[in-house]
Structures are given as structure tokens and as C-alpha cells.
Protein chains: 2
Amino acid sequence: MTTLPLEANTRHVLAIDIGGTKLAAGIVTATGQLLDSARIPTQVEQGPDRIIERVLHLSRMLLGRSRAHIERVGVGCGGPLDTKRGLIQNPPNLPGWIDYPLVQNLHDGLGLPVALENDANAAALAEYHFGAGRGTQHMVYLTISTGIGGGLILDGKLYRGKHGNAGELGHLQVRYDGPSCNCGGCGCLEGYASGTNIARRAREAAADHPESLLARLTPSLSDITAQTVLTALEANDPVATALWDETLDMLAAGVASVVHAFDTERVVIGGGITNFGDRLFVPLRDRVARRSMPSLAEGVEICPAAFAENVGILGAAAVALREPLEVSL
Amino acid sequence: MTTLPLEANTRHVLAIDIGGTKLAAGIVTATGQLLDSARIPTQVEQGPDRIIERVLHLSRMLLGRSRAHIERVGVGCGGPLDTKRGLIQNPPNLPGWIDYPLVQNLHDGLGLPVALENDANAAALAEYHFGAGRGTQHMVYLTISTGIGGGLILDGKLYRGKHGNAGELGHLQVRYDGPSCNCGGCGCLEGYASGTNIARRAREAAADHPESLLARLTPSLSDITAQTVLTALEANDPVATALWDETLDMLAAGVASVVHAFDTERVVIGGGITNFGDRLFVPLRDRVARRSMPSLAEGVEICPAAFAENVGILGAAAVALREPLEVSL
């Protein structure tokens, strides 16, 4: 009698992460272990049909070399999208994907059931099932990179809302009379504290203070990024310090609003902003606690996401592993 | 053969509303019809034991004259409270109720199962089951009176969060650098737009503009209330108009944040602010739509609560009618 290798006895899924820059796929176990993966550039200019052809090629390669039986496929993709009908609805990072039947096309090409979720929700599921959200019933995932997004785990389940867009936490309005945002809002958290907007505010501060280290770190002010702010902060530049202090207040207002709205156990923060490490988490925890009702703030944990580069694949895997499959064809 | 009257064949509950000013109780049908009710002053200075004695007396009177069989009791009370253990935990409007075993004492006195919920959650359930939230799966209830509170119906169920305090929407922070709030936060919605704070801001505006109608409507500036603002607004007083315009922006920032966080179908607004009628709802709908992502704003309804004075009793009834009873002794 021979014993099959462990992974052949357990449940595995094919996970596909469709981004505007890269396409990634992987074979993931039910406990979130990434067994095999591959990534290729998206080349958005090719349009959805040719891109999906290459996704199918990548997927078949991984399925072919997997020793495990794969029963399901999970996909994470930038929204807006319709999870129930399996359509991609013209996301800004995927031009031309207008009501594109992604689930149908992957199902036809692979012969497996396919589940779809937007990337922020998928990442929230990955952190909840495999990462920094394990053991909770209520977890809010906040990703702060180019933009700010979120995903909500409430009573142990992903909460999607009416259109499947709940958790757009970048558009919490933290200054009612603040500057206009693309969304139509004013004073949106994303308009102040996304990586892009931290960089924009830093360029403005550097222009006002040409003598500052912040202004002198890059060949031109237009080269300043959020990473430049971190470098200047580490050198105790007062202009960068003041900018970061204000950013922390903006973020604390957003996270305290989340705490009051959701009475969550844990806020998991992912994205490029986690590069700020203790300079982010230590003061943010303190300010959120001070800005919240004690009965709500008690025990709330604010912690970094467990996953960075693989969060897309692990998120797609978590979508596939969810019971029951919410998309059926 | 005799036929019992209709109400004897259907499910009825005893509903108890415990407020800082009055105690109310009623017999309510499963469809939210109030068949009988009574109210008496709370007299908070008597302390919990004597007050509950009077609640029991009131309840027995209603039970005695009810022709229907009553199986359950629902209670709404100001928080903080512990719904699972049935304890009242020192609410500001009920001094001395420190871990008071309300559910146990009512159960002992009435011999019926008792369910407890905080008043904002109970009101949300009343609107959801019997009122302005009927037919939705996702409804956010916002009450704007002395303070601002909320209750959340998500995926057809009351969402409570970790400590049972989810939906503290008065503490959405709509100006990250705003004035301090009792909660510890800065720029909380309640600190600007509750009835109390609309009146405070109106007193400040009137002091700056002693020539305004707003300043001349009351014997002294200290007599100005939110109702005075409405009166001055109806007479097109420019100071009141500017104040209300700013208040609408604050409220729109809060409601737009709710829309982005919850992707809700309907926002039901109750409390004294509904006296502003179309002067509230018409511009608020317009501003929230403008301040929200189109994919989220689409179809969101912002409407007045169905219930005003009876919302406490109907809320308590909705708590009792919930299946299964979440408190068991």
C-alpha cells in the first residue's frame, strides 16, 4: 500500500490575481500555503480576450504540474465588478473590460467552478483566513497604497453590501470642508493619506520649505514619493515630521470612525504604507485609542497585514475556498 | 363553536422602553401594531430596584388586560449594556445602574423570556421590521436628537460588533482637526450636528450677529435651540441659512461616509432633526449623491423614520420578536 503525499489528500485551489501590471496564479492549500506560482506582465493594451488567453495558458501550466486534485478556481481583480454575474465592469486599471464575462470565460477554458471577488475583499479574506485576522469574528482590512481600499469581515463573514462595494474606506470623509476627491466627495481619507497624496502633500511642503531635507533628497521636487517622506522622517527633518504628524491625525480620524461604525476586534493595515513600520503603528494605535469611546476602543488591535507581495494570490485562494461558492454557472 | 378574536390567534409581545425621563410599555402584534400602552415618569433618583418594581407593575397591568397570549418580553434601554448577560452598565441617563441585572429581574417578576437591546439598535429593528426600512436587506438607521446614534441592519440582520456597540455613527470623525468630543475624538459628527450642538453653534453665530433674526427670536441667546434655527431658517434669516448650510455639509460628509463604508440600500433618519423636513432631506439627498462614488450612491434612499414617539416601544417589540431569542436565562 502506498501513501499519497500529504498535499494530494487535502483540498487545493487554483488562485488567479488579475492586476493592471501583472497577472499571477498559484496553487494554494486550504490552509493558505502557496505550493506553486507564476507571474507574467498584464500588457493591458492587449485587451481582455488576449489577456485571458494568457491567464488560461498560465493556469493550465500550473494545473498540469500540480500533484493535487484541484476543484475550484478563485479570482481577485480590481473593481468595480459584479460577483454574482461574474462580470468585470470597466475598472480604471483594466481599460476596455466593459461587462467582461471573466467567470464564464475562465470556466469555459478550465472546466472548473470559478469564484470572483474584488481585490480588496479578496485580500481581507486572505488576512482573515490565513494571516493577521485569524481568530477574530470582526476584522476590518485597510489597504493604503496608491489608493486606499478596504474589506470587511463582520460576524465571521465577508460583508459586501448592496452593490458589492462595501468597505470603500478611502472615501470616509475626514474633513467635511476638505478638498474635492475623484469620488465626488470632499475631504476623503484617500485624498490626504494614500501614497499618492502623501507624496503630493510632501511636494507642496517641500516647495514651501526649499531648505528642508525633504526638498533636497530628490533631484527635483516632482520625484518626491511617500518613500522620500520616510527617509526624511528617519533623519528627523522637521518638515517631514510635521507632514507625517498631520497624516497620522488623518489616518487616526479614519480608523477611529471605523472603530465607532463597526465595533471591530482588529484593524489590519496593508499596502505600501506599512513600510513606515513603528512610525505608523505605534502613534496610530495611541491616537485611535484617544479618539475613540473607551467601550469601543477596549481591546481593538491595529496591526500590519501578514501578506505583502502574495496577498493577491492568497486572496484569490481564500475566495475559492469560501463555502458555498457564490458564483455558479 | 366560538371564534377567538384575531389578536388572540397571533403572536404578541410585551414591549418595555426604559428611558431617563419616562418608562413606557405596550402590547404589540407581530406586525408592529400597538394594541395597548402606558407610560409613567422614570424618576431616576429612585434607583434601579424601585424603578423596576414600577415597570413590573405597569407590565402586569398590561398583561392582565390583554386578551392575547403573550410569550415574550422585549426591552430597549440606553447603553452601554450587555445584551448577552442582560446587564445595564451605567448609562449616562440612568445613574446607579451599574451592571444591573435587568433581564434577570424582569424574568423573575414576569415569568417570561426577556430580550434586551440598546435603544438605537431597537429603533433600527423597529424601522426595519415595521417602518421605513421594510423591504431592504441593508439599512442604516441614524437618530439625530440630543445626541447622534445609529443602528445597522446588514444582510437582513442587526449587526452589533464585538462589544455590541457598532453603529456609533455620531462619532464618525468628519473633521480630523476639529474640536474635541466627549468620546475623546476630534471633529465628531455629533459635536457639530446633534440638536444640542446645532443649538450651541447657533448661539455662537447669534452672538457674532446680534442684528440677525436668529439672535432676536429668543429672550436671551441661551434660550436658542435647534427649533429656533428652524424658525429663523423659515424666515430666510441669512445667519441661520449659513449655519444650516454648514450643518448640511457636516451631515452629508457623515452620511456619505456611511454609504462608502456600508454600501447600504437605505439610510433612515429619525430623531428631532426630522422636524426640519424637506429643508433637511432634499438638500441632504443631493449632497450625499454628489459626495459619493456613483457605483455606491446609485439607488441609495435617504428617508425619514416612520416612527417618532412610539419608536421606543416598537423597538422593544422588534427585539422580542427576533428569532431566536438571544438572551436565555
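Preceding this paragraph is the structure being described.
These numbers were taken from a predicted model, which means no experiment stands behind them.

J.: Could you clarify how one ought to interpret unusual backbone geometry in this entry?
T.: The phi angle of most residues is negative, glycine excepted, and most peptide bonds adopt the trans form. Omega for the bond connecting Gly79 of chain A with Pro80 of chain A falls within 30 degrees of zero, at 5°, which places this linkage in the cis form. Considering the arrangement of structural elements, one finds Pro80 of chain A in the loop between strand S4 (70–77) and strand S5 (81–82). Unusually for a residue other than glycine, Asp263 of chain A sits at a positive phi of about 45°. Following the sequence through the fold, Asp263 of chain A ends up in the loop between helix H9 (238–262) and strand S12 (266–270). Exposure remark for Asp263 of chain A: the relative accessible area of 0% places this residue in the buried category. Of note in the backbone geometry, Asn90 of chain B takes a positive phi value of approximately 60° without being a glycine. Within the element layout of this structure, Asn90 of chain B appears in the loop between strand S6 (87–89) and strand S7 (98–100). Residue classification places Asn90 of chain B among the partly exposed positions, given a relative accessible area of 41%.

J.: Is there a simple way to explain the relation of the copies chain A and chain B in this structure?
T.: Each of the two chain copies can be brought onto the other by rotation about an axis and movement along it. Superposition of chain A onto chain B requires a rotation of 180° combined with a translation of 0.0 Å along the rotation axis, giving an RMSD of 0.0 Å. Put plainly, the chains are arranged around a two-fold axis. Both copies contact each other with a shared surface, as 100% of the interface residues of chain A are interface residues in chain B too.

J.: I would appreciate a short explanation of the sheet that holds strand S6 (residues 87–89) of chain A in the present structure.
T.: Adjacent strands of a sheet pair through backbone hydrogen bonds, lying either parallel or antiparallel. Residue and element names in this part refer to chain A. The antiparallel open sheet is built from three strands, whose spatial order is S5-S6-S7. Among the strands making up the open sheet, the edge pair consists of S5 and strand S7 (98–100). As paired elements, S6 and S7 share two bridges and run antiparallel to each other. The residue of S7 that forms the bridge with Gln89 is Ile98.

J.: Which parts of the structure should I look at to understand the nonpolar core?
T.: When a protein is soluble and globular, its nonpolar side chains tend to lie buried together. Counting residues in hydrophobic clusters, the biggest one holds 112 residues, and the most contacted among them are Phe262 of chain A together with Phe262 of chain B. Excluding residues that lie within four positions of it along the chain, Phe262 of chain B makes contacts with Tyr159, Gly161, Ala166, Ala261 and Phe262 of chain A together with Val140, Leu152, Leu154 and Leu169 of chain B.

J.: How should the sheet that holds strand S3 (residues 34–41) of chain B be read in this particular structure?
T.: Residues and elements named next belong to chain B. Strand order in the open sheet made by the five strands is S3-S2-S1-S4-S8, with mixed pairing throughout. On the outer flanks of this sheet lie S3 and strand S8 (114–118), each paired with one strand and no other. Neighbour-to-neighbour, the strand axes of this sheet turn through a mean angle of 15°, independent of strand direction. Sheet topology note: the strand S2 (residues 22–29)/S3 ladder contains seven bridges and is antiparallel. For Ala25, the partnering residue across the bridge sits in S3 and is Ala38. Along the sheet face, helix H3 (residues 102–110) touches strand S1 (12–18), strand S4 (70–77) and S8 and points at about 150° away from the line of S8. Packing of helix H4 (residues 119–130) onto the sheet brings it into contact with S4 and S8, and relative to S8 it is tilted by some 105°.

Cut-offs and rules
- Residues numbered from 1 in each chain as written.
- Chains lettered and ligands numbered in written order.
- Predicted model: local features only at pLDDT ≥ 70, side-chain atom pairs only at ≥ 80, totals over all residues.
- Heavy atoms only, no water.
- Helix = DSSP H or I, 4+ residues; strand = E, 2+ residues; numbered from the N terminus.
- Buried < 20%, exposed > 50% of the residue type's maximum accessible area, 1.4 Å probe, protein only.
- Least-squares fit on C-alpha atoms with pLDDT ≥ 70 in both.
- Contact = heavy atoms within 4.5 Å.
- Pairing = 2+ DSSP bridges.
- Core = buried A, V, L, I, M, F, W, Y, C linked by side-chain atoms within 4.5 Å.
- Axes fitted to C-alpha atoms, helices over the stretch in contact; angles between N-to-C directions.

Take it as geometry only, folks, not as evidence of what the structure does.
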